[in-house]
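Spelled out, the chains give:
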Amino acid sequence: MSSIVSPGPEGIAELREGFETESPRPMQRLLSLDALRGMDMFFIVGMEEVFEALSKMFPMSPTLNDRLQHARWEGFHFYDLIFPLFAFIMGTSLVFSLSKSVATEGQSGTSLKVLKRSLILFILGVLYYEGIGRGFEHIRILGVLQRLALCYCGAGLAFVWLGSQGDRRYARVIALTVSLLIGYWAMLVFIPVPGFGAGDFAETHNLTNWLDKMYLPLRKWDKDHDPEGLLSTLPAIASSLLGVLAGLLLKNQTIAPARKVRLLVGWGCAGVVAGLLWHLQFPIIKKIWTSSFVLFTAGLSSLLLALFYYVIDIKNRRDCCRPFVWIGMNSITIYLIVRLVKLEDIAKCFVGGEIRSGLENMHRGLGDLVIALLALCFSVLICRFLYQRKIFLRV
């Protein structure tokens, strides 16, 4: 477990040296972060419908088809990486944005900015689920954007206040991350749930779900509990803190880029192994964001970040990633747009009706695939339009 949150003596020494040294030149924007964020959002805004259409065209085995969906409970499927990857990238990105703010506005001013952004994002999350539109009892207090808001708030305030010097901040971020992960594990293992006892991780039997049932008011996504519930917010913040550690590494200009890649790969492999080993006792479960899930997904996120950083920022191969950059620069915007505007219905105006029927006659699922791909193209084109005109939503 410690290997994913600690780079070892050599890595710590290099990071400390870099933090105590003045940067020789201003740090350029890392397009790899924008591209990775954009790739993540690309799968959120349309690829699920594409996969669904492909499964109609080419019937897969139940096992393979199931792997393209979220895991029902215990275990890990492809789409289970999307959310924690975004939380990880959020932590990495805030190192760059908040460092500038601390330098110009100080810790107190930056903290107010973090709180303001978090509040706006939280409110957008409530509105995303229709707010009070279907009645007070249907308000969803905690959801995806709300969790991201809390992750940003927790990781952002930790970055601002956990030491002004780099080495001290780094050590304290590690300590906080370890405390959250071990503390969450201890609570689920040792605190008994009425009617089920302690250490039962089954759905509705665990402490996380029980606390939602008892203390989370109004609408909950899974009847009496929520996958973005109260207690599981703590390890979700740890996902963003692990991203902060990656951001501290990338921001250090005294470490050679190739060395950064090797460290990210090493941390990523350690995280995957640590998560799998912890899974033997504390299962990987996305819906309660277990500590093993945090380490495993942070490991995969670190490996992806290493790949994108190497290809885009070191090798300077940027043409292939432009659509992802467009999306990544307006990720929250397009997330809200696809909720408010039914792009699939717009796509049907062009390829619906007889065109869809004809395509379906040619091959089952082909019509749905064309509609899904066109809707996805609309999303990308919207982001391209905003990017070219330098329109970026900042919360």
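1. Looking at the overall build of the chain
Point 1. Along the chain, the regular secondary structure elements total 16 helices and zero strands.
Point 2. Across the 395 residues that make up the chain, the buried fraction comes to 52%.
Point 3. A separation threshold of at least 6 residues defines the contact pool for the chain, and within that pool the share at least 24 residues apart is 74%.
Point 4. Accessible surface, the chain: about 18,200 Å² in total, of which carbon and sulfur atoms supply 62%.

2. Examining the packing of helix α3 (residues 31-57) against helix α16 (residues 366-388)
Point 1. Where α3 contacts α16, the axes come no closer than 8 Å and their chain directions differ by 170°. Comparing the axis directions of α3 and α16 gives the class roughly antiparallel. The handedness of the crossing between α3 and α16 is left-handed. Residues F42, V45, G46, M47, E49, V50, A53, L54, K56 and M57 of α3 lie in contact with α16, whose contacting residues are L366, D368, L369, A372, L373, L376, S379 and V380.
Point 2. Among the residues making up the contact of α3 with α16, the classes are represented as 13 nonpolar, two polar and three charged.

3. A few points about the pattern of salt bridges
Point 1. Within the structure shown, the criterion is met by 11 salt bridges.
Point 2. We note a salt bridge from E130 to R134, for which the minimum N-O separation is 3.7 Å.
Point 3. In this structure R134 comes out as partly exposed when scored by relative accessible area, which is 44%.
Point 4. With relative accessibility at 41%, the residue E130 sits in the partly exposed group.
Point 5. Linked by salt bridges that have partners in common, K56, R356 and D368 make up one network.

4. Side note on the packing of α3 against helix α11 (residues 291-314)
Point 1. Interaxial distance between α3 and α11 falls to 8 Å at its minimum, and their mutual angle equals 125°. Taken together, the axes of α3 and α11 lie oblique to each other. In terms of crossing hand, the pair formed by α3 and α11 is right-handed. Across the interface between the two elements, L31, S32, L33, A35, L36 and M39 from α3 touch L304, L305, F308, Y309, I312 and D313 from α11.
Point 2. Partitioned by chemical class, the residues of the contact of α3 with α11 number 10 nonpolar, one polar and one charged.

5. Regarding the packing of aromatic side chains
Point 1. Taken as a whole and assessed by the stated rule, the structure comprises 20 aromatic pairs.
Point 2. Look at F76 and F296: their rings are 4.9 Å apart centre to centre, the planes differ by 75°, and that puts the pair in the edge-to-face class. Pair noted here: F76 is in the loop between α4 (62-67) and α5 (82-128) and F296 is in helix α11, with a separation of 220 residues, a long-range link. In this pair, the class of F76 matches that of F296, namely buried.

6. Section: the confidence of the model for the chain
Point 1. For the chain, the average pLDDT comes to 89, and 90% of its residues sit at 70 or higher.
Point 2. Looking over the chain, one finds the lowest element-wise mean pLDDT in helix α1 (residues 2-5), namely 36, and the highest in helix α8 (residues 207-215), namely 98.
Point 3. pLDDT under 50 marks residues 1-26. Its contacts with residues more than four places away, or in other chains, come to 53 contacts.

7. Some words on unusual backbone geometry
When glycine is set aside, most residues are seen to have a negative phi, and most peptide bonds are trans.
Point 1. The backbone of W289 shows a phi angle near 50°, a positive value even though the residue is not glycine.
Point 2. The topology assignment puts W289 in the loop between α10 (257-279) and α11.
Point 3. Given the relative accessible area of 0%, W289 is considered buried.
Point 4. Positive phi, normally seen in glycine, also occurs at N316, with a value near 60°.
Point 5. Of note, N316 is situated in the loop between α11 and α12 (322-328).

8. Section: a negative patch on the surface
Point 1. Among the surface-exposed residues, E48, E49, E52, E344 and D345 lie close enough to one another that they form a single negatively charged patch.
Point 2. When residues of the negative patch are traced back to their parent elements, those giving at least two are α3 and α14 (343-351).
Point 3. Along the chain, D345 falls in helix α14.

9. Considering a nonpolar patch on the surface
Point 1. A surface patch of nonpolar side chains, amounting to about 400 Å² of accessible area, comprises L340, V341, I346 and F350.
Point 2. With respect to the element layout, I346 can be found in helix α14.
Point 3. When its relative accessible area of 34% is taken as the criterion, I346 is described as partly exposed.

10. Some points on the side chain of S239
Point 1. Looking at the secondary structure, you find S239 in helix α9 (residues 233-251).
Point 2. Take S239: its relative accessible area is 2%, and that puts it in the buried class.
Point 3. In this structure S239 touches A87, F88, W289 and V294, once residues within four positions along its chain are discounted.

11. Some remarks on α16
Point 1. The end-to-end C-alpha distance of α16, which contains 23 residues, comes to 32 Å, matching closely the 33 Å that a straight helix rising 1.5 Å per residue would cover.
Point 2. One or two steps after α16, the chain reaches K390, where phi turns positive at roughly 55°.

About the criteria used
- Residues numbered from 1 in each chain as written.
- Predicted model: local features only at pLDDT ≥ 70, side-chain atom pairs only at ≥ 80, totals over all residues.
- Heavy atoms only, no water.
- Helix = DSSP H or I, 4+ residues; strand = E, 2+ residues; numbered from the N terminus.
- Buried < 20%, exposed > 50% of the residue type's maximum accessible area, 1.4 Å probe, protein only.
- Contact = heavy atoms within 4.5 Å.
- Areas by Shrake-Rupley, 256 points an atom, 1.4 Å probe, with all protein chains shown as cover.
- Axes fitted to C-alpha atoms, helices over the stretch in contact; angles between N-to-C directions.
- Parallel < 35°, antiparallel > 145°, perpendicular 65-115°, else oblique.
- Left-handed = near helix turned anticlockwise from the far one by under 90°.
- Nonpolar A, V, L, I, M, F, W, Y, C, P; charged D, E, K, R; others polar.
- Salt bridge = Lys/Arg side-chain N within 4 Å of Asp/Glu carboxyl O.
- Phe/Tyr/Trp six-rings, centres within 6.5 Å; stacked < 30°, edge-to-face > 60°.
- pLDDT = per-residue confidence, 0-100.
- Patch = residues over 30% accessible without salt bridge, like charges linked within 9 Å, V, L, I, M, F, W, Y side chains within 5 Å.
- Lys, Arg positive; Asp, Glu negative; His and termini not counted.
- Charge placed at Lys NZ, Arg CZ, Asp CG, Glu CD.
- Expected span 1.5 Å × (residues − 1).

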